[in-house]
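Coordinate analysis (summary)
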Amino acid sequence: MRKWTIPSALLLLCLLFLLPDQGRKLHANAEVDSEELVDPPKVEDKIGAVPHGLSTDSDVAKREAESISKRSLRNNAEKFEFQAEVSRLMDIIINSLYSNKDIFLRELISNASDALDKIRFLALTDKEVLGEGDTAKLEIQIKLDKEKKILSIRDRGIGMTKEDLIKNLGTIAKSGTSAFVEKMQTSGDLNLIGQFGVGFYSVYLVADYVEVISKHNDDKQYVWESKADGAFAISEDTWNEPLGRGTEIRLHLRDEAGEYLEEYKLKELVKKYSEFINFPINIWASKEVDVEVPADEDESTDDETTESSEEEKEDEDTEKDEDEEAEKKPKTKKVKETTYEWELLNDVKAIWLRNPKEVTEEEYTKFYKSLAKDFGDEKPLSWSHFTAEGDVEFKAVLFVPPKAPHDLYESYYNSNKSNLKLYVRRVFISDEFDELLPKYLNFLKGLVDSDTLPLNVSREMLQQHSSLKTIKKKLIRKALDMIRKIADEDPDESNDKDKKDVENSSDDEKRGQYTKFWNEFGKSIKLGIIEDATNRNRLAKLLRFESTKSDGKLTSLDQYISRMKSGQKDIFYITGTSKEQLEKSPFLERLKKKNFEVIFFTDPVDEYLMQYLMDYEDKKFQNVSKEGLKLGKDSKVKELKESFKELTKWWKGILASDNVDDVKISNRLDNTPCVVVTSKYGWSANMERIMQSQTLTDANKQAYMRGKRVLEINPRHPIIKELQERVAKDPEDEGLKQTGQLVYQTALMESGFVLSDPKDFASRIYSSVKSSLDISPDAAVEEEVDVEEAEAESETKDAETTTKDEEAEATKDDVDTEPSDVKDEL
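Residues numbered from 1 in each chain as written. Predicted model: local features only at pLDDT ≥ 70, side-chain atom pairs only at ≥ 80, totals over all residues. Heavy atoms only, no water.

Check the secondary structure of the protein chain and you find 27 helices and 22 strands. Long-range contacts, defined here as pairs at least 24 residues apart, represent 75% of the contacts in the protein chain between residues at least 6 apart. For the protein chain, the accessible area works out to roughly 47800 Å², and carbon and sulfur atoms hold 48% of it. (Helix = DSSP H or I, 4+ residues; strand = E, 2+ residues; numbered from the N terminus. Contact = heavy atoms within 4.5 Å. Areas by Shrake-Rupley, 256 points an atom, 1.4 Å probe, with all protein chains shown as cover.)

Non-glycine residue Glu617 carries a positive phi angle of around 50°. The exposure class assigned to Glu617 is partly exposed, which follows from its relative accessible area of 40%. One non-glycine residue, Asp618, adopts positive backbone phi at about 65°. Summarising the element assignment, Asp618 is placed in the loop between strand E18 (615-616) and strand E19 (619-623). Note on Asp618: relative accessible area 78%, which makes it exposed. (Buried < 20%, exposed > 50% of the residue type's maximum accessible area, 1.4 Å probe, protein only.)

Burial of strand E4 (residues 207-215) is extensive: nine of the nine residues sit out of reach of the surface. Strand direction decides the pairing type here: E4 and strand E7 (residues 246-253), joined by eight bridges, are antiparallel. By the bridge assignment, Val212 is partnered in E7 with Ile249. Here E4 runs beside strand E5 (residues 221-226); their pairing, made up of six bridges, is antiparallel. Bridging across to E5, Lys215 finds its partner in Gln221. Hairpin remark: E4 followed by E5, antiparallel, with five residues in the connecting loop. (Pairing = 2+ DSSP bridges.)

To continue, consider the sheet that holds strand E15 (residues 546-547). Spatial strand order, E15-E17-E16-E19-E18: five strands in an open sheet with mixed pairing. Each edge of the open sheet is held by one strand with a lone partner, namely E15 and E18. Pairing geometry for E18 and E19, over two bridges, is antiparallel. Residue pairing for E19: Asp615 is matched across the bridge by Lys620.

Further remarks concern helix H5 (residues 162-170). Every buried residue belonging to H5 is among Leu165, Ile166, Leu169 and Gly170, and all of these are buried. The buried residues of H5 occupy an angular sector of 105° when projected down its axis, which confines them to one face. Exposed and facing more than 90 degrees away from the buried side of H5 are Glu163 and Lys167. (Arc of directions from axis to C-beta.)

A word on the packing of aromatic side chains. Under the criterion given, the structure shown has 22 aromatic pairs. Summarising the aromatic geometry, the rings of Phe276 and Trp352 are spaced 4.9 Å apart at their centres and angled 75° between planes, so their arrangement reads as edge-to-face. Note that Phe276 is positioned in the loop between helix H7 (263-273) and strand E8 (281-294) and Trp352 in the loop between strand E9 (332-344) and helix H10 (361-372), a separation of 76 residues in sequence. Geometrically, the ring pair formed by Phe386 and Phe394 is edge-to-face, given 6.1 Å between the ring centres and 80° between the ring planes. Every member of this aromatic cluster is reached through a ring pair, and the members are Phe276, Trp352, Phe367, Tyr368, Phe399 and Tyr423. Taking the ring centre of Phe596 as reference, the NZ or CZ of Lys565 above it sits at 4.5 Å. (Phe/Tyr/Trp six-rings, centres within 6.5 Å; stacked < 30°, edge-to-face > 60°. Lys NZ or Arg CZ within 6 Å of the ring centre and 35° of its normal.)

On the secondary structure map, Ile213 appears in strand E4. Counting along the chain gives 21 residues from Ile213 to Ile234, while the straight-line C-alpha distance between them is 9.7 Å. Beyond its immediate stretch of four places on either side in the chain, Ile213 contacts Gln221, Tyr222, Val223, Asp237, Asn240, Leu243, Gly246, Thr247, Glu248 and Arg250.

The next subject is the sheet that holds strand E10 (residues 382-388). Remark on secondary structure: sheet strands pair via backbone hydrogen bonds, oriented parallel or antiparallel. Taking strand neighbours across the sheet as the criterion, the five strands line up as E10-E11-E14-E12-E13 in an open arrangement whose pairing is mixed. In this open sheet, the two edge strands, each paired with only one partner strand, are E10 and strand E13 (427-430). Averaged over all pairs of adjacent strands, the angle between their axes in this sheet comes to 20°, without regard to strand direction. Two strands pair when backbone bridges link them, and strand E11 (residues 394-400) and strand E14 (residues 445-450) are joined in this way by six bridges, in the antiparallel orientation. (Axes fitted to C-alpha atoms, helices over the stretch in contact; angles between N-to-C directions.)

Turning next to a positive patch on the surface. A cluster of basic residues, Lys569, Lys620, Lys630, Lys633 and Lys680, forms a positive patch at the surface. Mapping Lys569 onto the fold places it in the loop between helix H16 (557-562) and strand E16 (570-575). (Patch = residues over 30% accessible without salt bridge, like charges linked within 9 Å, V, L, I, M, F, W, Y side chains within 5 Å. Salt bridge = Lys/Arg side-chain N within 4 Å of Asp/Glu carboxyl O. Lys, Arg positive; Asp, Glu negative; His and termini not counted. Charge placed at Lys NZ, Arg CZ, Asp CG, Glu CD.)

A separate point is the pattern of salt bridges. Scanning all chains against the criterion turns up 36 salt bridges. In this structure, the salt-bridge partner of Arg120 is Asp117, at a minimum N-O distance of 2.8 Å. Linking Arg120 with Asp117, this pair stays in helix H4 (residues 103-123), spanning three residues, or about one helical turn. Its relative accessible area of 21% is what places Asp117 among the partly exposed residues.

Within the secondary structure, Glu248 sits in strand E7. At 3.2 Å, the side chain of Glu248 and the side chain of Arg250 are in polar contact. Once residues within four sequence positions are removed from consideration, Glu248 is found in contact with Ser152, Ile153, Arg154, Glu211, Val212, Ile213 and Leu243. (Polar contact = N/O pair within 3.5 Å; in protein donor to acceptor, adjacent residues only side chain to side chain.)

In the contact formed by helix H14 (residues 513-531) and helix H19 (residues 605-612), the axes pass within 8 Å of each other and the chain directions differ by 35°. Regarding H14 and H19, the two cross each other, and that crossing is left-handed. Listed contacts from H19 to Lys523, Lys526, Leu527, Ile529 and Ile530 of H14 are Val605, Asp606, Tyr608, Leu609 and Tyr612. Of the residues that constitute the contact of H14 with H19, the class distribution is seven nonpolar, no polar and three charged. (Left-handed = near helix turned anticlockwise from the far one by under 90°. Nonpolar A, V, L, I, M, F, W, Y, C, P; charged D, E, K, R; others polar.)

This part is about the confidence of the model for the protein chain. Looking at the protein chain as a whole, its pLDDT mean stands at 76, while 70% of the residues score no less than 70. Across the protein chain, element-level confidence peaks in strand E17 (residues 598-601) with a mean pLDDT of 95 and bottoms out in helix H2 (residues 58-69) with 44. Every residue in residues 300-311 scores below 50 in pLDDT, and together they form two contacts with partners more than four places removed in sequence or on other chains. (pLDDT = per-residue confidence, 0-100.)

This part takes up the environment of Tyr573. Along the polypeptide, Tyr573 turns up in strand E16. Of the residues examined, Tyr573 reaches a relative accessible area of 8% and is grouped as buried. Sequence spacing of Tyr573 and Ser625 is 52 residues, and the spatial spacing of their C-alpha atoms is 8.6 Å. If sequence neighbours within four positions are ignored, Tyr573 has contacts with Val598, Ile599, Phe601, Met610, Phe621, Gln622, Asn623 and Val624.

For the pair H4 and H7, the least separation of the axes is 10 Å and the interaxial angle reads 65°. Helix-helix and strand crossings are classified by hand; for H4 and H7 the assignment is right-handed. Taken together, the residues of H7 that come into contact with H4 (itself represented by Ile103, Leu105, Arg106 and Ile109) are Leu266, Leu269, Val270 and Tyr273. Of the residues that constitute the contact of H4 with H7, the class distribution is seven nonpolar, no polar and one charged.

Let us look at H7. Inspection of H7 places Glu263, Lys265, Leu266, Leu269, Val270 and Tyr273 among the buried residues, and these make up the whole buried set. Down the axis of H7, the buried set is contained in an arc of 165°. They therefore lie on one face.

With that out of the way, let us pick up the side chain of Ser450. For Ser450, the location among the structural elements is in strand E14. Of the residues examined, Ser450 reaches a relative accessible area of 0% and is grouped as buried.

A word on the environment of Leu108. Following the sequence through the fold, Leu108 ends up in helix H4. Take Leu108: its relative accessible area is 2%, and that puts it in the buried class. For the pair Leu108 and Ile249, spaced 141 residues apart in the sequence, the C-alpha separation amounts to 8.5 Å. If near-sequence neighbours (up to four positions away) are discounted, Leu108 is found in contact with Ile153, Phe200, Val203, Ile249 and Leu251.

Okay, here's the thing in structure tokens:
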């Protein structure tokens, strides 16, 4: 009988392998040791090899392989082989380096949410599918086991049958799978937007062994397990706790993934990626509480024995009563004890899924503070909540913050960070999509949630998707409408004729709101005019500034046009460093006299702004410090040009070395003798100053872009008239030429230019002062006495005098001593 046992067993194994309906199934012998698993045949050699630069070193791969091999699949389970694409995917995950391992939790919670959505949908027509008790609760639970290094994620969703486990977790049943895997293989980006079957495999970023326990209403409870070694196993679950319905995923974490066993880390990830999932997400969290426990008898104090005998006698009756009460209530003490309970992690509701009419102002404010992590007292200036339909459907909520961050413009062109978050089916994907909003609107905060964006693509592929262009276009339009609404609802922004209506319809809270917005984010609107040609006119309507008629308040281009004089074709403006400086500018003299309004631009970015904002509502912009200013017809212009022809020609000649292109009669001056203007398409004086202050500026380019200077003279000013008479008498007078140079340099400085030779200008001023004080031009500066030499001579004389005195004193002493000596000798 024993002779037939071995051949019979071999024949049975051969039949099992030859059965056509078994496909890729490999039945293991129950008597074989659990460590000696049947290796499924390889589909390809070196499948899923990664390109150079993405693979880890051999030591790391060896350690990971050893870590995985420590666990074995259950020997009584039914073995399967992964689909080829899945094997390649596994190989990429295990043998490549990735920075963002956090996404595994996002993917698992997203899958759990999908499963809960499916059972909820079925329950709409059949309530019995939900079951009773805890099984009917649609929630997601996260649990930790630090000792065994197990992280569990459980949902009470629709669950999976045995066939679902094979299909969903063993294959990628999607069109374009090969292209998807190839893209992952070359880019090395695992920040995936995935469904169950793709995103699920991100678990192997942190785990070396995974169990999936699932129960479907139409099937028994099964366990799917795999070590990501090319095979997986499925067996009927008879040892775990019955789920009732749903799925539990157990991740046996690697040693280097220990941070995911910390509660704070998991809470942080849920808040970041899954805060707005529709279903409750609970974590089995530890908590320290004070608990009263019986106190030990040895801990009683001995102070009571120190009382005097008299006091003991007096209080004897009282103590007896207290002892009786103490016997009834034993002594206790409070100690810290660790308890565990379910803690809700996503208490903020996804208000963008609700009807905007049903959401209150308080709810919007609370949602903004949670989204922006802004816990100040101020509420957002405005918000826009809308749904877009059409080729691309999405829901969005945008907020205008009450204050600008301190570093908003410090790294404006270098930063890729956006305050707009992208969600797909309420699952956070990224906040680094430059294509959602242009840079000049990066101060806005909010989110976009789309159900129609393509799945199973990497972040780079999604960033180039055509749908994002459609989303961006709609977001910009809604954002500008939201900002425009702040101005429309502000009573201070209305025209006089509309002021009464606005004041009646608006409350005081909205007064001054647009001025507040402009002071915080006005520069962003100006940058938008420079960068966004498509929306330039809409952004220009949001532009605010002060002017000669605004009385210190901000005004708009529409308000400026409403105050324009009849026949005025241009919008006049001037640029400079401050309003106070510009108000005294000689360029405004004639304009003020004729009651023209002039806009003050004092921000350095305004110089760049006006290079792009050429017109508005068919009105051209005119810089009053440049040539080409027209203030109506002047019949005497030709006569003045002819009468001052000799002076202008003489002046142009002596200023030839100062890069003066021409000398003309001015139509913009009233009390000033002359000014220096630049050519229409060159830099203004303010722009020259800005460019000269640049650290890395190119002097050659500056010379090319610097506008030609024109000296405009006031023919009615007495200085100009006197110069005309002097030039007619003696044009070669050197003193007259010096005066002409001095007047030009003074006008240059008053017009806002930086003098190229300040020393020369100062010398001319001093010469003029000498002349006015009747001091001879040849008068020399008085020579200074050398103090050091005088002091040295004085010290020498003092020393000589001291020496003579000492010698005389010594001689006198000798004479006085002679008589006494003689007496001694006698």
